[in-house]
Structures are given as C-alpha cells and as structure tokens.
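# Topology and contacts: notes
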Amino acid sequence: MANARQTWLLERGALAVGPLALLVAWTWATRRPTRPGGQVLASPEQIFGTVRELLANGQLLHHLSKSPVRLALGFGFGAGAGLVFGLLMGLSRTAEEVCGPLFHAIRQVPSIAFIPMLILVFGIEETFKIVVVAKASFFPVALAATDGVKSIPRGFLEVGRVYGLRGPALVRCILLPAMLPALVTGIRIALGRSWTVLVAAEIIASESGLGQMMEMGRQTMRQDVVLLGVFLTGTFGFLLDRSMRLLERRLAAWRTA
Amino acid sequence: MRQAKVPSSSLPPPAASASRAGEQAGALHIQGVSKSYDLGGRVLPVLESIDLFIPAGQFISIVGQSGCGKSTLLRLLEGLDTGYVGRITLDGAPIVAPGLDRGIVFQDHRLLPWMTLEKNVELALRMRPLPAARKADLVEEYLALVGLQGFEHAYPHQLSGGMAQRAAIARALVNEPKVLLLDEPFGALDALTRIRLQQELQRIWMRSRSTMIMVTHDVAEAVFLSDLVVVMDGKPGRIGRQVRVPYPHSRERGSALLQEIEREILGLLLDQPATPDPSMPSLGAPSVTGGGRLAAVKA
Amino acid sequence: MTAARSGRTVGRRIALGFTLPLALGGLWHLASRRGPGGAYAFVPLRDVAGGFLEVARSGELRYDALSTLREAFTGLLVGSVAGVAFGAVLGLSRTADRLLGPLYHGLRQVPLMGLVPLIGLWFGNGAGAKLLVVSLAAFYPVALATADGLRQVERAHLELARALVLGRRDTFRQILLPSAAPFIVTGVLQALAFTWIASVGSELLFSATSGLGGFMALAQAAGRMDLVIVAIASIAVLGSLMNVAVTRLGRRAQRWRHAS
C-alpha cells in the first residue's frame, strides 16, 4: 500500500508547511536591518540565546518548576472536591436543591475576577494562586460529575441492585467507571481554565512563574523573554489538552454502545 | 389429556412451612398481585389479580401481547419494583428486594463495558464471602458452561450479541440461584443465534434444574423450552390460560407435537379458536379431538 | 407526580435553594464579629450593602459597568468580523485550511491572558491593546464556528448547486451562507461570554483604572473588600443576564435552523 503511505506522509507534510513558512518568514523578517525605534520582533536565534541564558542562570528552571506545581496543587484540591461534590449533587435530589443555586451563582463569576479578592484575603504568596486554580478546577469537574452520574443508564444501576452492591462497592464498580468519560472531559476543561487563570494570576501578582517571567520581560522591554514565555505557556497548555483528548478517545470504547 | 388445561388454582399451594429441601427449592407463589402506575393524576393499571404458583425446578414461560405487563411481573419477582398489592413468596419467604437467591437475565445484556467477561461474572459474587480461589473457580465453571471458555479477558464490545447474552446468563447463574428470571433474553438477537441459544438454555436447564421463568414474545421458543406456558392477556395484564407442555426434554424443535401446542397458544393470543391442520399426519394423538375440545371450551 | 405534588415541589425547591446561602450568610456574619481580623477578612454584609449604595449613587458603578460592556461589545464586533472572514477562508479552501489551520490552532493554545504581556510590549497599555485582547477572545470561537458551519453544508445541497451549474459566488450566497449562518450566529452569541470575561481580565492585567476590572483593582489596592465584593457581584450579575439573553436568542436561531 505504498499509495496510502504516501498520502499519509503528504498530509503530515502539508500540516507542517504553515508553521515552517512562518518560521522562515520570521527569520527573514528579523534579519533585516533594525528599523528606527528599535526591534519589533526578536529573531529565532535570539530566542535560542535567551533559552541558553536563562538556563544558565537557573531562572528558566525556576519559573518552569513553579507554575506546574501550583497548577497540580490547585487542581488536585479543586478537582477532588469537585468530584465529591458533583457525585453528591448527582445522587441526591435534596443536595442538588440545597447546593445548586449557590453553586451556579458562584460558577457564573469568572475565576479571574476572584483574584483581587483573594489577594486581599491571602496576600500575594502561593496560597491565593492555588486557591484561584482550585476554584477554576472545581466547577467544571463538579458539573461533569453531576451530569455523568445522572446519565448513567438505569440498566447498569439495576445490575448493581441485583447483585447487592452498595456504597463504596457501587461507586468503584459502577458509578466511577460509567462516569469516567464525562469526567475526563470535565478534567480537560478544568485544566485549560486553570492554566489560563494561573498565568493571569502570575502576571498580576507573583514573584515567580511563567506569567511573572513574561511580565518582567515586558517591563524590562525584553521581547525575547516574553516570546519565550508565550511559547512555553502555549506548549504546556497544548500538552495538557492533547493528553486529555487522547485519554478521552481511549475511553470512548467504554461508553455504552 | 395432552392439552389439559391447568386452572390456576388446581395445584395445592405449598404448606406454610415450605420445606427448603437442599439448596434447590425455588417454588414461587404469587397471590393476588395487582400493580398500577401513577402518571401525574392518571392511574394506569398494569397487572390485575395475578395468581400463579410455580413449582420448583420447572421451566415456565410467560407469553402475551406487548404491554400486558409480563415484564413488570418479572421485575416484581426479581424485587426491582415494589409498590404492589398482593403477596409474592419464594419458598415461603416474601420478596421485597433483589437477592442473590434469584438471578435475572435482561434483554439488553447489561454487561459492564469497562470490565472483562471474567470481571463481569465475578461481579455477581462480590457480595459473597467466599475465598478468591473459589470465586475464580466458579467464574471459570460457569463461563465454560455457556461455552465461553477462552473469552475470559474479552471486553463486551468485542463480542457478538449472542456471546454477550451467554455471558449474561453465566453471570446470572454463577450464584446458583433458586430461580432464574429471563426477560426476553433473546429478543435482540438474530433468528439463527436465537435458535442456538435456546438449545443452549435447554441444555443448561437440564443440567441445573433450577426454576426458570422466561418472558417471551416467541411462542415457538416458549413451547420448545417450557413445561408450562402461561398466557397473559389484556391490558391490564391478567393470567389467562396455562398450557402444559408435557413432553420430556430434550426436545426437537419443529416437532409436530410442539407445533400443535404452538398453534393452540397462538390461537389464544389471537383470540381465535385453534384449528388443527388436517394435512398433519396423526401421530397417535387425538389431535382432532383436542382441537375440537379446545374450541368447545373456548366458546 | 400529581399536580398537587409538583406544586409543593416547586415551593420546596425555592425554599431549599435559599437555605445554604442564608446559612453561609449567617456564618459570615458571625465571622465578621470575631475579633479585629474578622471584620477585615469577612467584611460585614452591612458594609457591602453600604459600599454598593455608595458607588451606585455616585454613578461610579454605572460608569464602570458601561465601560466594560462597551469594551466587550466592541471587541465582539471587531473579533466577529475578523473571525467570520478568517473562518470563511479556512472553511472554503482546503489548502488554506491546511496551511493556516495549524497556525490558528497553535495560537489558540496560548491562554489569552498569557498574550497580554506580549501585546503590552508591542502596543502599550492603552485602549487599543485592550481592544485587541478582547477581539481575540471573540475571534477564536467565531472563526471556528464559521469554518465548521461552512464545512458541514449538506452534501445534498452542494450537489444541487453543481447540478444547477451555479457559479462560485451564487453557490456561496444561496447555499453555503444560509446553511452556515445559524452556526455563525451561535458562535457569535457564545463569544459574548468570552469577551465579557476578557474585558474584565484585560482591565485587571493592564492595570486599567476604568471598567469593572479597573474598579476592582483600585478597590483592592485601597484595601476595600466591600467594594471588591460589590464588583464581583456586578460582574456575575451582568454576566448571567447576558448569558440568559444569549440562550434565548440562541434558541431562536436553532428553531430557524430546524425550520430550514
């Protein structure tokens, strides 16, 4: 099937053309003599230089280590709480009636709008960033969990009843696996939103992290640093999103046919 | 005699202290059961005054038109639905909730898609305090019983409909229940698979001899498998006739004797007197008389 | 469920819905009474109400709310126009899709707020920079919706166009555009939520002094938690109102689509 393979390669190649063309254009544009008023765009070589520089003085690793950790911590708390809460709201009508209105009211507030308030309460240290990430993770996961539980086919729940499964056994054997595809989607959304709000929080008030690195770069007019930050931020977000989508696809087989 | 009508209360109900001889008793006694659904003000009766006694170790089929409540009755026997008038007992003990002394096979196999066959069958044993080794043995034994040895690690979506349903039967049987309930188990399968699985089911029943109660649309299936065919009619559902199939197992599909009974039951269902086929050779049984007698009784 | 029972249920739901906020409100009130730190962190609700009246009366709240709204809608307009244009290119030409698509998707991966330092570096801190950010927030979803809308045109209709030997222009106007229109409209409506959030966010990150975000930043700098809460509530309320309006309009658009 040489033909099929050729087509596949061609498709892959075509996808790369755009970015490659951009790279070429970029390099060419930045080779031209500097315009009066300073450089508009840093060149690719400069970026490489920047990477080396920041690696050498340890800053790059410092920032790279801070942001993901905050994300992980905040996400861990937020998603964990969201899962439990969502399960509760999905399983108990009363819980939904009691907690629902407040839940949806707070959900309406964009996470980023909480930052000033959290800064007033927690100061500008680590805590407020982790809390804001937790907020951004909590709601999509809780929503996904509630919807996930509610859409479990009644047939499976009856299987649970028929074999006497209760409590933890029911959750482990039936509820969680049945909800998993919906949960993963919720987690994907939560990670995306959390990453966004974390970068924003770091730009607003932080001593470290990718957001802060970019903000510093802006203030010191260091294009190359800012561009590097943009690239790293985008790549990290992309990796998170991609891996979750892969997981979703794998789990699709579990979805009831 | 071949087509003796069995009036619903001709057989004596079990004594109050029903003896649980060994593990395999399994006599069901349904007394005066009525059930209706409440739909926003309207009351929809589904079952009306069901009286039925099912002796242990028998294979019973329940046939009837759509909507006559036969599936509802099965769910009551399993304990999935409550809220009815009347009394249902298994060996004297009232049924109020699902229990491991009864097994059920649904029309949609309801194997959990995230578990292998092995795990699915093992799920039935989860609430039993047995050692792991024993559970593994049981799972293996019953998968082999339904002819699925070698497929322990397959996932449901990898199996055909027939295989999945067989796995569901294994799961329902692994607890060695007194009563096996089957709710149109082969309804979603193609004709050939259905026939094959009916033969499988007959074989399994002959081996285990537990009470089996099957709801089905397929009269031929009912007659092939059952000792007694209960015909339900009307909306709401009521017990109509009960037709004995007094032939020994294992049976031949399509034998003339079975076809006679089929015709009779179809006649009941279609509300027409059953007329014997004059082209059928007499097989030593008074077919003409039987038909005539039935026609007379029906009228 | 009988009619009587559902009546009781509705009343019950409303009552239950209030229990938690009321309970939390009570706890908050108690917390604000505790010692010196209490009133700082848990601003007494009375103060929040007072703060609200203060800025409502002075017109400051209305001014800032309108400012953010204006930004959001302007950004929506600009971003949608650009988005429809770009999305049309992507949706109509497979070559363009192959070339430009990866770039678009790549750019989309960078969180919008993460682009603020770069945009600030290139364009400064002014209104133009904010507009760019907010427009981008609309651009992404509208471009996607347009491209998808154009691509999903039913084959049957396309074949009809070929059978009638319609030129490219006519095909576009008579078949592609009407078919894609509901998608585009839905995309634009949904983009409103994004531009609203982006407006507030860009005000915060660009250290603006106007708009609800700017108002909130100033209140935070002055340590006035009560006003910060007022700002949060205003953002939430306005956002929800717009959501509701969008959902209603969206349903109209869908009905349209099914009617065709």
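Residues numbered from 1 in each chain as written. Chains lettered and ligands numbered in written order. Predicted model: local features only at pLDDT ≥ 70, side-chain atom pairs only at ≥ 80, totals over all residues.

### Digging into the overall build of chain C
Stated formally: Secondary structure follows DSSP: runs of H or I at least 4 residues long count as helices, runs of E at least 2 residues long count as strands, and numbering of each begins at the N terminus. Every radius of gyration here is taken over C-alpha atoms, with the globule rule written as 2.2 Å times N^0.38, N being the number of residues. Working definition of burial: number of other C-beta atoms within 10 Å of the residue's own, with buried at 20 or more, exposed at 12 or fewer, and partly exposed in between, all C-beta atoms being placed from the backbone. C-beta atoms are first placed from the backbone for all residues, and any pair lying within 7 Å is then listed as a contact.
On a plain count of helices and strands, chain C comes out with 11 helices and 0 strands. Walking chain C from its N terminus toward its C terminus, one meets helices and strands in the order α-α-α-α-α-α-α-α-α-α-α. The C-alpha radius of gyration computed for chain C amounts to 24 Å, which surpasses the reference 18 Å derived for 260 residues by more than 25%, pointing to a less compact arrangement than a globule. If one aligns the C-alpha atoms of chain C with their principal axes, the spans along those axes are about 80 × 65 × 30 Å. The proportion of buried residues among the 260 residues of chain C is 37%. Within chain C, residue pairs in contact and separated by at least 24 positions form 75% of the contacts whose partners lie at least 6 positions apart.

### What about the overall build of chain B?
For chain B, the helix and strand inventory stands at 8 helices and 10 strands. Buried positions account for 40% of the 299 residues belonging to chain B. Nonlocal contacts in chain B, meaning residues at least 24 apart in sequence, comprise 70% of its contacts between residues at least 6 apart.

### Side note on the pairing of strand β3 (residues 59-64) of chain B
Residue and element names in this part refer to chain B. To be explicit about the condition: The rule for pairing is simple: two strands pair if DSSP sees at least two bridges between them.
Burial analysis of β3 places 6 of its 6 residues in the buried class, the great majority of the element. The alternating pattern of β3 places Phe-59, Ser-61 and Val-63 and Ile-60, Ile-62 and Gly-64 on opposite faces, both of which are buried. Of the strand pairs in this sheet, β3 and strand β8 (residues 211-216) are connected by 5 bridges, and their pairing is parallel. Along β8, the bridge assignment pairs Phe-59 with Met-212. Here 5 bridges tie β3 to strand β9 (residues 228-233), and the two strands are oriented parallel to one another. Looking at the pairing, Ile-60 lines up with Leu-228 of β9.

### Brief notes about the interface of chain A and chain C
As a reminder of what qualifies: Ten residue types, Ala, Val, Leu, Ile, Met, Phe, Trp, Tyr, Cys and Pro, are classed as nonpolar, four, Asp, Glu, Lys and Arg, as charged, and the remainder, Gly among them, as polar.
Taken residue by residue, the interface counts 43 residues in chain A and 41 residues in chain C. For the side of chain A that touches chain C, the elements supplying multiple residues, two or more each, are α1 (2-31), α4 (93-108), α5 (115-122), α8 (167-204), α9 (210-219) and α10 (223-251) of chain A. Counted by class, the side of chain A that touches chain C contains 30 nonpolar, 10 polar and 3 charged residues.

### Focus on the sheet that holds β3 of chain B
Residue and element names in this part refer to chain B. How we decide: A fitted line through C-alpha atoms serves as each axis, taken over the contacting stretch for helices, and the angle formed by two N-to-C directions is quoted from 0 to 180°.
Here we have 6 strands laid out as an open sheet, ordered β6-β7-β8-β3-β9-β10, and mixed in their pairing. Among the strands making up the open sheet, the edge pair consists of β6 (102-105) and β10 (238-244). Looking at each pair of strands side by side, their axes are set apart by 20° on average, direction ignored. Relative to strand β7 (residues 179-183), β6 runs parallel, the two being bridged by 4 bridges.

### Considering the nonpolar core
Under the convention used in this document: A set of buried residues drawn from Ala, Val, Leu, Ile, Met, Phe, Trp, Tyr and Cys, joined through C-beta atoms within 7 Å, is what defines a nonpolar core.
Among the nonpolar cores identified, the biggest contains 209 residues, and Val-132 of chain A, Ala-167, Ala-170, Ile-213 and Val-229 of chain B together with Val-228 and Ala-231 of chain C are the most heavily contacted of them. Counting residues per element, this core draws most heavily on α8 of chain A, at 19 residues. Leave out the neighbours within four places in its chain, and Ile-213 of chain B touches Ile-54, Ile-60, Ile-62, Leu-74, Leu-77, Val-179 and Leu-181 of chain B.

### Remarks on the domain arrangement of chain C
Rules: Those domain boundaries reflect an automatic or database domain assignment.
Domain assignment breaks chain C into domain 1 (1-42) and domain 2 (43-259). In this structure, domain 1 of chain C and domain 2 of chain C have C-alpha centres spaced 34 Å apart.

### Considering the pairing of β7 of chain B
Regular strands place side chains that alternate from one sheet face to the opposite one. All names here are of chain B. As a reminder, the rule being used: Handedness of a crossover is defined as follows: orient the strands so they point away from the viewer, and if the path from the first strand over the helix to the second runs clockwise, the crossover is right-handed.
Within β7, 5 of the 5 residues are buried, leaving the element largely enclosed by the surrounding structure. Residues Val-179, Leu-181 and Asp-183 line one face of β7 and the alternating positions Leu-180 and Leu-182 line the opposite face, and both faces are buried. Where β7 and β8 come together, 5 bridges link them in parallel fashion. Across the sheet, the residue bridging to Leu-182 is Met-214, located in β8. You can see the chain leave β7, run along helix α5 (residues 191-208) and come back into β8, and the turn it takes is right-handed.

### Things to note about the sheet that holds strand β2 (residues 42-54) of chain B
The strands that make up a sheet pair up through hydrogen bonds in the backbone, lying either parallel or antiparallel. Residue and element names in this part refer to chain B. With antiparallel pairing, 4 strands are arranged side by side in an open sheet as β2-β1-β4-β5. Only two strands of the sheet have a single partner each, and these edge strands are β2 and β5 (93-94). Relative to β2, strand β1 (residues 28-39) runs antiparallel, the two sharing 9 bridges. Residue pairing in the sheet places Tyr-37 in a bridge with Leu-44 of β2.

### Some remarks on the packing of helix α3 (residues 59-91) of chain A against α8 of chain A
Residues and elements named next belong to chain A. Basically, it comes down to this: If an angle is under 35 degrees, it is roughly parallel; if it is over 145, roughly antiparallel; if it lies from 65 to 115, roughly perpendicular; otherwise it is oblique. Two helices that cross are described as forming a left-handed crossing if the nearer one is turned anticlockwise from the farther one by less than a right angle, and a right-handed crossing if clockwise.
Interhelical geometry of α3 versus α8 gives an angle of 130° and a closest axis separation of 10 Å. On the basis of the axis angle, α3 is oblique to α8. Between α3 and α8 lies a crossing of right-handed hand. Mapping the contact onto sequence places Ser-67, Arg-70, Leu-71, Gly-74, Phe-75 and Ala-79 in α3 and Ile-187, Ala-190, Leu-191, Ser-194, Trp-195, Leu-198 and Glu-202 in α8. Considered class by class, the residues forming the contact of α3 with α8 number 8 nonpolar, 3 polar and 2 charged.

### Some words on the environment of Phe-156 of chain A
Its place among the elements puts Phe-156 of chain A in helix α7 (residues 154-162). When sequence neighbours within four positions are dropped, the list of residues in contact with Phe-156 of chain A reads Ile-174 and Ala-178 of chain A together with Arg-110 and Leu-112 of chain B.

### A look at helix α10 (residues 211-221) of chain C
Within α10 of chain C, 10 of the 11 residues are buried, which leaves the element mostly enclosed by the surrounding structure. Those residues of α10 of chain C that sit buried are Gly-211, Leu-212, Gly-213, Gly-214, Phe-215, Met-216, Ala-217, Leu-218, Ala-219 and Gln-220 of chain C.

### Remarks on the packing of helix α7 (residues 127-151) of chain C against helix α9 (residues 168-205) of chain C
Residues and elements named next belong to chain C. Two elements in contact, α7 and α9, have axes whose closest approach is 7 Å; the angle formed by their N-to-C orientations is 155°. Between α7 and α9, the angle is such that the two are roughly antiparallel. Regarding α7 and α9, the two cross each other, and that crossing is right-handed. Looking at the contact of α7 with α9 residue by residue, the classes come out as 17 nonpolar, 8 polar and 2 charged.

### Overview of the confidence of the model for chain C
Residue and element names in this part refer to chain C. Here is the rule we go by: Each residue carries a pLDDT value, the predictor's own confidence for that position, ranging from 0 to 100.
When pLDDT is averaged along chain C, the result is 84, and 92% of the positions lie at 70 or above. Looking at the elements of chain C, mean pLDDT is at its lowest for helix α2 (residues 35-41), recorded as 66, and at its highest for α7, recorded as 93. In this model residues 1-5 is a low-confidence stretch, pLDDT under 50, and it forms 5 contacts with partners more than four residues away in sequence or in other chains. Predicted complex metrics record ipTM = 0.83 and pTM = 0.79.

### What about α9 of chain C?
Which entries qualify depends on this criterion: By this rule, a helix spans an expected 1.5 Å times one less than how many residues it contains. Axes are fitted to the seven residues ending at a residue and to the seven starting at it; the angle between these axes is taken as the bend at that residue.
For α9 of chain C, built from 38 residues, the straight-helix expectation of 56 Å at 1.5 Å per residue is missed by more than 12%, its first-to-last C-alpha distance being only 45 Å. Taking the largest bend as the criterion, α9 of chain C deviates by roughly 45°, centred on Leu-177 of chain C, and proline Pro-178 of chain C comes between one and four positions later.

### Focus: the confidence of the model for chain B
Residue and element names in this part refer to chain B. Per-residue pLDDT for chain B averages 82, and the proportion of residues at 70 or more is 83%. Within chain B, the element-level pLDDT minimum falls on helix α8 (residues 287-298), averaging 38, and the maximum on β7, averaging 95. Residue range residues 1-24 is modelled with pLDDT below 50. Its contacts to residues more than four positions away, or to other chains, number 35 contacts. Predicted confidence is poor over residues 282-299, with pLDDT under 50, and the contacts of this stretch with residues over four places away or in other chains come to 20 contacts.

### Quick look at unusual backbone geometry
Across the junction of His-249 of chain B and Ser-250 of chain B, the peptide omega takes the value 0°, indicating a cis bond. Inspection of the secondary structure assignment puts Ser-250 of chain B in the loop between β10 and α7 (256-269). Even without a glycine there, the phi angle at Ser-49 of chain B is positive, about 45°. Within the element layout of this structure, Ser-49 of chain B appears in strand β2. Given 14 C-beta atoms within a 10 Å radius, Ser-49 of chain B is considered partly exposed. Of note in this structure, Ser-207 of chain C is not a glycine but carries a positive phi near 50°. Inspection of the secondary structure puts Ser-207 of chain C in the loop between α9 and α10. Ser-207 of chain C sits in the partly exposed class, given 14 other C-beta atoms within 10 Å.

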